[in-house]
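Examining the three-dimensional arrangement
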Amino acid sequence: MAALLSVEALSKTYRSGTRETSAVRDVSFSIGMGETLGLAGPSGCGKSTLARLVMRLIEPDAGKVIFRGEDWLDLSGSQLRHARRHMQMVFQDTHAAFNPRSTVETAIAEPLRIHHIVARQARDAEIGQLLERVGLSPTFAGRPVLELSGGQRQRVAIARALATRPSLLVMDEAVSALDVSVRAQILELLVSIQQETGLACLFVSHDIAVIRAVCHRVAIMEAGEIVEYGETKRVVSAPQSDTARRLIAAVPRLSTDREHDHAQP
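Before going into details, it helps to say that this report is about the structure given with it. Sequence order sets the numbering: in each chain, residues are counted from 1 along the sequence as written. For a predicted model such as this one, the threshold for reporting local features is a pLDDT of at least 70, and the threshold for listing and counting side-chain atom pairs is 80 or more; totals across whole chains, interfaces and linings nevertheless cover every residue. Computation of side-chain values covers all heavy atoms of the structure but excludes hydrogens and water.

Considerations on the sheet that holds strand E10 (residues 225-231)
Selection criterion: Here, any two strands with at least 2 DSSP bridges between them count as paired. The secondary structure listing takes helices from DSSP runs of H or I that are at least 4 residues long and strands from runs of E that are at least 2 residues long, numbered from the N terminus. Helix axes are fitted only over the stretch in contact, all axes being lines through C-alpha atoms; the angle between N-to-C directions runs from 0 to 180 degrees. We call two residues contacting when some pair of their heavy atoms lies within 4.5 Å.
If you trace the six strands from one edge of the open sheet to the other, you get E6-E7-E8-E3-E9-E10, paired in mixed fashion. Each of the sheet's edge strands pairs with one partner strand only, and the pair in question is strand E6 (87-90) and E10. Direction aside, the axes of adjacent strands within the sheet are offset by 15° on average. With four bridges joining them, E6 and strand E7 (residues 168-172) adopt parallel strand pairing. Looking at E7, one finds that Val-90 is bridged to Met-171. In the packing of helix H1 (residues 47-55) onto the sheet, the strands contacted are strand E3 (36-40), E6, E7, strand E8 (200-205) and strand E9 (217-222), and the crossing angle to E6 comes to about 150°. Contacts from helix H5 (residues 150-162) reach E6 and E7 within the one sheet, and its direction differs from that of E6 by about 170°.

Points about the packing of aromatic side chains
Within a pair of aromatic rings, the relevant descriptors are the distance that separates the centres and the angle that separates the planes. Convention followed: Paired rings are identified among Phe, Tyr and Trp, the last through its six-membered ring, by centres lying within 6.5 Å, and are further divided according to the angle between planes into stacked (under 30 degrees), edge-to-face (over 60) and tilted (the rest). For each residue, the accessible area found with a 1.4 Å probe, counting protein chains only, is set against the maximum for its type, and the residue is called buried under 20%, exposed over 50%, and partly exposed in between.
Applying the stated criterion across every chain, the model contains one aromatic pair. Seen from their ring centres, Phe-67 and Trp-72 are 5.4 Å apart, and the 80° between their planes marks the pair as edge-to-face. Neither Phe-67 nor Trp-72 differs from the other in exposure class; each is buried.

Details of empty space enclosed by the protein
Going by this rule: In this analysis, the protein atoms alone were mapped onto a 1 Å grid. Cavities are point sets where a 1.4 Å probe fits without being able to get out; pockets are open sets with protein on both sides within 12 Å along at least five of seven lines; lining residues have an atom within 4 Å of a point. Grid points are joined across faces, edges and corners, and a volume is the space filled by probe spheres set on the points. Residues are grouped as follows: nonpolar covers Ala, Val, Leu, Ile, Met, Phe, Trp, Tyr, Cys and Pro; charged covers Asp, Glu, Lys and Arg; every other residue, Gly included, is treated as polar.
Across all of its chains, the model carries one cavity of 30 Å³ or more by this definition. Quantified by volume, the largest cavity comes out at close to 90 Å³. Considering the residues around the largest cavity, the lining is formed by Thr-36, Leu-169, Leu-190, Val-191, Gln-194, Leu-199, Cys-201, Phe-203 and Val-214. Those elements giving two or more residues to the lining of the largest cavity turn out to be helix H6 (180-197) and E8. Broken down by element, the residue count for the lining of the largest cavity peaks at three residues, all from H6. Of the residues assigned to the lining of the largest cavity, the class counts are seven nonpolar, two polar and no charged.

Some details on the sheet that holds strand E1 (residues 3-16)
The strand order across the open sheet built from four strands is E2-E1-E4-E5, with neighbouring strands paired in antiparallel fashion. Each edge of the sheet is formed by a strand with only one pairing partner; in this case those strands are strand E2 (19-32) and strand E5 (70-71). The pairing of E1 with strand E4 (residues 62-67) spans five bridges and is classified as antiparallel. Its bridge partner lying in E4, Glu-8 is registered against Lys-64.

What about the packing of helix H3 (residues 104-114) against helix H4 (residues 123-133)?
Operational definition: Roughly parallel refers to an angle under 35 degrees, roughly antiparallel to one over 145, roughly perpendicular to one between 65 and 115, and oblique to any angle outside these ranges. Should the near helix be turned anticlockwise from the far one by less than a right angle, the crossing is left-handed, and should it be turned clockwise, the crossing is right-handed.
One way to put it is that H3 packs onto H4 with a least axis distance of 10 Å and a crossing angle of 110°. Taken as axis vectors, H3 and H4 run roughly perpendicular relative to one another. Considering how the two elements wind past one another, H3 and H4 form a crossing that is right-handed. On H4, the residues that touch Val-104, Glu-105, Ile-108, Ala-109, Leu-112 and Arg-113 of H3 are Arg-123, Asp-124, Glu-126, Ile-127, Leu-130 and Leu-131. Among the residues forming the contact of H3 with H4, the class breakdown is seven nonpolar, no polar and five charged.

Topic: the layout of surface pockets
By volume, the largest pocket amounts to about 440 Å³. Taken together, 17 residues make up the lining of the largest pocket; nearest its centre are Gln-88, Met-89, Phe-91, Pro-111 and Arg-160. When contributions to the lining of the largest pocket are tallied by element, the ones reaching two or more residues are E6, H3 and H5. With four residues, E6 is the single largest residue contributor to the lining of the largest pocket. Per-class residue counts for the lining of the largest pocket are 11 nonpolar, three polar and three charged.

Right under this line is the structure:
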């Protein structure tokens, strides 16, 4: 499988006065077209920092990010703005992710306008199609985003991310705040979209059960480093690291094979 994204020896250290905190240390991984890579680990292990480094929401101290054959870290100005349409992110906090005054329509229309995805006269139809793709009626377009339920807001966030027709979607704990039934619906939605479009995904979560449900491979992080990396089914069934064992032990039902496994062929 050809690599859509290759991360090589990525590192980030935060400094405050004389104190240094190594958030990400010498991390490498790759994601192929149509593949979901899970990034799992306990809170504070550096996985969200790593996701933001990949997105260039923060800048690394060292390393490379090769995306679609280009050195992502060398891009700037209009080149970077143009390239960003191909890599989109969905966050955990659906309140902070939107302008509080936004309607569903204006939230989704913004990336369509910025990246010139469709002509102005075609935007309403495109917004309706995006809403339908994430399981919402086009009639939601006129509703204020912050009046929606958490699950509905996350569907709108996914629709907004899909608006630019990206190659890679970065999901940073994007289902962790949702209740169990809504979480299952969002995961089913992501699997369906990936099967339809070939979208690749970097899926960040502390929940190994969620990782198992949607991810082809998984990277286990601890203290800023990847301590285990491989096919999800293999890591879950025979973990080699203490961190992976602790994550699996926290979800007793993973000791059986009764859970449907979307990511496995």
